[in-house]
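Observations on the model geometry
Each chain, written out:
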Amino acid sequence: MTFDPIAVRLEAARSVVRDAAQLALSLRPAPGGPTGTLKGRQDYLTETDGAVEAFVSRRIQELFPEDGFQGEENGATRQGGFRWVVDPIDGTSNYARGRDRWCVSLGLLDGDEPVAGVIDAPALCEVFTAQKGKGAFLNGKPIKASPITNTQEAMIEMGWSARVPTGTFNEKIAAIMALGAMPRSGGSGALALADVACGRSDGYLEIVIQLWDVAAALVILSEAGATVSPFLQTGGLTGGATILAAAPGIAKALSAAVDVEI
């Protein structure tokens, strides 16, 4: 039997992320006004973010001490050929209000190439996983991007961020609506991308998003057959960049409408 270092790491990541997600779930505030502090407008930070990132970092270091590690809160803390990238709570604004749409996202890069990922949304009882060349899964069942080809039947999500001028957001939403598509915004980039991968939505656009938000989702999208903009090649490895993911049947039309290469 051939040893597969990526498969070994993905199996370990499933366990690490499951435990991290349960830790986050146990610390989630009750529904109500937001708890935590603001890093920026509508950009929340809770104590759980730090606790979960530290937990994941420690477990990965114990299991794979030779691997690199990068987190949203503490940046790149270790270097290695394989690099783990974690968003401890993606959808913190939802989490801080006791809502369910948030997740722990852990991606694995081999050099600069995404090769495996786990997105665990414990309040939704959903776990997305993928390994390059081995398919994408939701709770262990294979997933594929939507077969839709008519934008007038499409559901498109766009992420909102204070880093993006209001006029730009309004312009892109108007372009999406001009296609006849239904706009949505759910507050978690990782889960929005996972929804494209499993066909729940037909596209997702975010003008400025970070590597930790998408590291796990990139391989899930690829393995599910979604069409994705060149996020890593347009600055996503080192800073904020634009991402557009779409069902292949509407990717060209959506790309043209929002003026993002795909």
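Source: prediction; values computed, not measured.

Concerning the nonpolar core
Counting residues in each nonpolar core, the largest one holds 38 residues, and the members touching the most others are Ile119, Phe128, Ile143, Leu193, Ile220 and Phe231. When residues of this core are traced back to their parent elements, those giving at least two are strand S6 (103–110), strand S7 (113–121), strand S8 (126–131), strand S9 (135–138), helix H5 (189–198), strand S13 (203–209), helix H6 (211–224) and strand S15 (241–246). The biggest single contributor to this core is H6, with eleven residues. When neighbours within four sequence positions are excluded, Phe231 is seen to be in contact with Ile209, Gln210, Leu211, Val214, Leu218, Gly236, Ala241, Thr242 and Ile243.

Structural notes on the UniProt feature "binding site: Mg(2+) 1" (unreviewed entry) in the protein chain
The positions UniProt marks with the feature "binding site: Mg(2+) 1" (unreviewed entry) are Glu72, Asp87, Ile89 and Asp213. Annotated residues spanning 142 residues; largest pairwise C-alpha distance 9.4 Å, indicating a single compact cluster. Residue position: Glu72 is located in the loop between strand S3 (68–71) and strand S4 (75–78). Mapping Asp87 onto the fold places it in strand S5 (residues 82–90). Beyond its immediate sequence surroundings of up to four residues, Asp87 is in contact with Glu72, Cys103, Val104, Ser105, Trp212 and Asp213.

Description of the UniProt feature "binding site: Mg(2+) 2" (unreviewed entry) in the protein chain
What UniProt calls "binding site: Mg(2+) 2" (unreviewed entry) maps, in this numbering, to Asp90. By secondary structure assignment, the location of Asp90 is in strand S5. The exposure class assigned to Asp90 is buried, which follows from its relative accessible area of 3%. Aside from chain neighbours lying at most four places away, what touches Asp90 is Trp102, Cys103, Ser188, Gly189, Ala190, Leu191 and Asp213.

Calculation criteria
- Residues numbered from 1 in each chain as written.
- Predicted model: local features only at pLDDT ≥ 70, side-chain atom pairs only at ≥ 80, totals over all residues.
- Heavy atoms only, no water.
- Core = buried A, V, L, I, M, F, W, Y, C linked by side-chain atoms within 4.5 Å.
- Buried < 20%, exposed > 50% of the residue type's maximum accessible area, 1.4 Å probe, protein only.
- Helix = DSSP H or I, 4+ residues; strand = E, 2+ residues; numbered from the N terminus.
- Contact = heavy atoms within 4.5 Å.
- UniProt positions renumbered as here; feature names shortened; annotations may be inferred.

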